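An overview of the molecular structure
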Amino acid sequence: NKKGFIFDLDGVIVDTAKYHYLAWKQLANSLGIDFTEKENEQLKGVSRVRSLEKILSWGNKTLPQDEFTRLMATKNDEYLSYINKMDESELLPEVKDRLTFIKNKKQGIALGSASKNARYIIEKVDVKDMFDAVVDGTDVSKAKPDPEVFLIAAKLLNIEPENCIVFEDSVAGVQAANTAKMISIGIGSEEVLGEADYVFKDFTEISEEFINTLINN
Ligand code: B16
Ligand code: MG
């Protein structure tokens, strides 16, 4: 039997949240809007458009469409200045080992990310070859918690959603996996990700035995 293992990117494979934070903070502050790590938490798993809408609403600001579009590009340029410097040393602990283990077991592996930069990032940190399918922010029309991103991934893997397992660090992503009828594994704190079927702090807590159980059930 073959299972589909679907990985979110930011917060699961790499910690790019810190770069999103720096880029959004610079942008928000330039508009006179306060932006702390607490606000940044609320942008996890959220699309770029929706993120800027939220920041503007926190600052009680509205912008004409062309200015909005320009600021999104400014944020992304700043974000990419950090991404350009990334290498495999920024992979989160034991992610690569688990990917290799799953690959050696001949299971399906897909990426399911909201980021439009996902393809570039997995190349930068040298895990691109691990994935049989990649679905990112350029492939979906509906953002998480809509299950679209994971359903497309399952389809590309040619594996039924019921036989897929999703690793996610965001609440919206866990909800998307649950709605898709996939097994949801939260990466982070039980307090935040309580809706997931299982929660682990990070991949150091996910044993090969546990992965074997997922494959065989
Ligand atoms: P981009 P994920 C998400 O990635 C991030 O968690 C979220 O903070 C970001 O706004 C979103 O990607 C869009 O990213 O601006 O690069 O298109 O967690 O779904 O891998
Ligand atoms: Mg994430």
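Since this is a predicted model, take the numbers as computed values, not measurements.

Examining the overall build of the chain
Assigned secondary structure in the chain consists of 10 helices and 6 strands. Since a compact globule built from 217 residues should have a radius of gyration of about 17 Å, the 17 Å found for the chain is in line with a globular shape. Principal-axis analysis of the C-alpha atoms places the extent of the chain at approximately 55 × 35 × 30 Å. Taking contacts inside the chain between residues at least 6 apart in sequence as the whole, the part at least 24 apart equals 59%.

Some words on the site of ligand 1
Surveying the vicinity of ligand 1 reveals 20 residues, the closest of which are Leu 9, Asp 10, Ser 113, Ala 114 and Ser 115. For the shell around ligand 1, the residue count by class is 4 nonpolar, 11 polar and 5 charged.

Overview of the pairing of strand 2 (residues 108-112)
Regular strands show a simple pattern: their side chains alternate between the two faces of the sheet. The element strand 2 is largely enclosed, with a buried count of 5 among its 5 residues. Burial of the side chains of strand 2 extends over both faces: Gly 108, Ala 110 and Gly 112 are buried on one face and Ile 109 and Leu 111 on the other. Sheet topology places strand 1 (residues 4-7) next to strand 2; 4 bridges connect them, and they run parallel. Within strand 2, the residue paired with Gly 4 across the bridge is Gly 108. Sheet topology places strand 2 next to strand 3 (residues 133-135); 3 bridges connect them, and they run parallel. Bridge pairing in strand 3 links Gly 112 to Val 135. Note that the unit made of strand 2, helix 6 (residues 118-124) and strand 3 has a crossover that is right-handed.

Some thoughts on the sheet that holds strand 6 (residues 198-200)
Ordered in space as 3-2-1-4-5-6, the 6 strands form an open sheet in which the pairing is parallel. For this open sheet the edge positions go to strand 3 and strand 6, each flanked by a neighbour on one side alone. Across this sheet, the average inter-strand angle for adjacent strands is 20 degrees, counted without regard to direction.

Quick notes on the confidence of the model for the chain
When pLDDT is low, close inspection of the predicted coordinates is not appropriate. Chain-level pLDDT for the chain is 97 on average; 100% of the residues reach the 70-or-more range. ipTM for the predicted complex: 0.94, alongside a pTM of 0.96.

What to know about the pairing of strand 1
A two-sided burial pattern is seen for strand 1, the buried positions comprising Gly 4 and Ile 6 on one face and Phe 5 and Phe 7 on the other. The pairing of strand 1 with strand 4 (residues 164-168) spans 4 bridges and is parallel. Of the residues in strand 4, the one forming a bridge with Ile 6 is Val 166.

A short note on the nonpolar core
As a rule of thumb, nonpolar side chains are buried together in soluble globular proteins. Core analysis: the largest hydrophobic core is formed by 45 residues, its most contacted members being Ile 6, Phe 150 and Val 166. Of all the secondary structure elements, the ones that give two or more residues to this core are strand 1, helix 5 (95-104), strand 2, helix 6, helix 7 (148-157), strand 4, helix 8 (171-179) and strand 5 (183-187). Considering every element that reaches this core, the biggest residue donor is helix 7, with 6 residues. Once residues lying within four places of it in the same chain are set aside, the contact partners of Val 166 are Ile 6, Gly 112, Phe 150, Ala 177, Met 182, Ser 184 and Ile 185. Listed in part, the 9 residues of the second largest apolar core include Tyr 19, Ala 23, Leu 52 and Ile 55.

Looking at the packing of helix 1 (residues 17-30) against helix 4 (residues 65-83)
The relative placement of two packed helices is expressed as an angle between their axes plus a distance between the axes. Packing of helix 1 against helix 4 brings their axes to within 9 Å, and their N-to-C directions diverge by 140 degrees. Considering their axes alone, helix 1 and helix 4 lie oblique with respect to each other. Helix-helix and strand crossings are classified by hand; for helix 1 and helix 4 the assignment is right-handed. Listed contacts from helix 4 to Tyr 19, His 20, Leu 22, Ala 23, Trp 24, Gln 26 and Leu 27 of helix 1 are Leu 71, Thr 74, Lys 75, Glu 78, Tyr 79, Tyr 82 and Ile 83. Counted by class, the contact of helix 1 with helix 4 contains 9 nonpolar, 3 polar and 2 charged residues.

Things to note about the packing of helix 3 (residues 48-58) against helix 4
Relative to each other, helix 3 and helix 4 sit at 110 degrees, their axes nearing to 11 Å. Classified by the interaxial angle, the pair formed by helix 3 and helix 4 is roughly perpendicular. Both helix 3 and helix 4 take part in a crossing whose hand is right-handed. For the pair formed by helix 3 and helix 4, the contact residues are Arg 48, Val 49 and Leu 52 on the first element and Phe 68, Leu 71 and Met 72 on the second. By residue class, the composition of the contact of helix 3 with helix 4 is 5 nonpolar, no polar and 1 charged.

So, how was this worked out
- Residues numbered from 1 in each chain as written.
- Chains lettered and ligands numbered in written order.
- Predicted model: local features only at pLDDT ≥ 70, side-chain atom pairs only at ≥ 80, totals over all residues.
- Helix = DSSP H or I, 4+ residues; strand = E, 2+ residues; numbered from the N terminus.
- Rg over C-alpha atoms; globule rule 2.2 N^0.38 Å.
- Contact = placed C-beta atoms within 7 Å.
- Near = placed C-beta within 6 Å.
- Nonpolar A, V, L, I, M, F, W, Y, C, P; charged D, E, K, R; others polar.
- Buried ≥ 20, exposed ≤ 12 C-beta atoms within 10 Å, placed from the backbone.
- Pairing = 2+ DSSP bridges.
- Right-handed = clockwise from strand over helix to strand, strands pointing away.
- Axes fitted to C-alpha atoms, helices over the stretch in contact; angles between N-to-C directions.
- pLDDT = per-residue confidence, 0-100.
- Core = buried A, V, L, I, M, F, W, Y, C linked by C-beta atoms within 7 Å.
- Parallel < 35°, antiparallel > 145°, perpendicular 65-115°, else oblique.
- Left-handed = near helix turned anticlockwise from the far one by under 90°.

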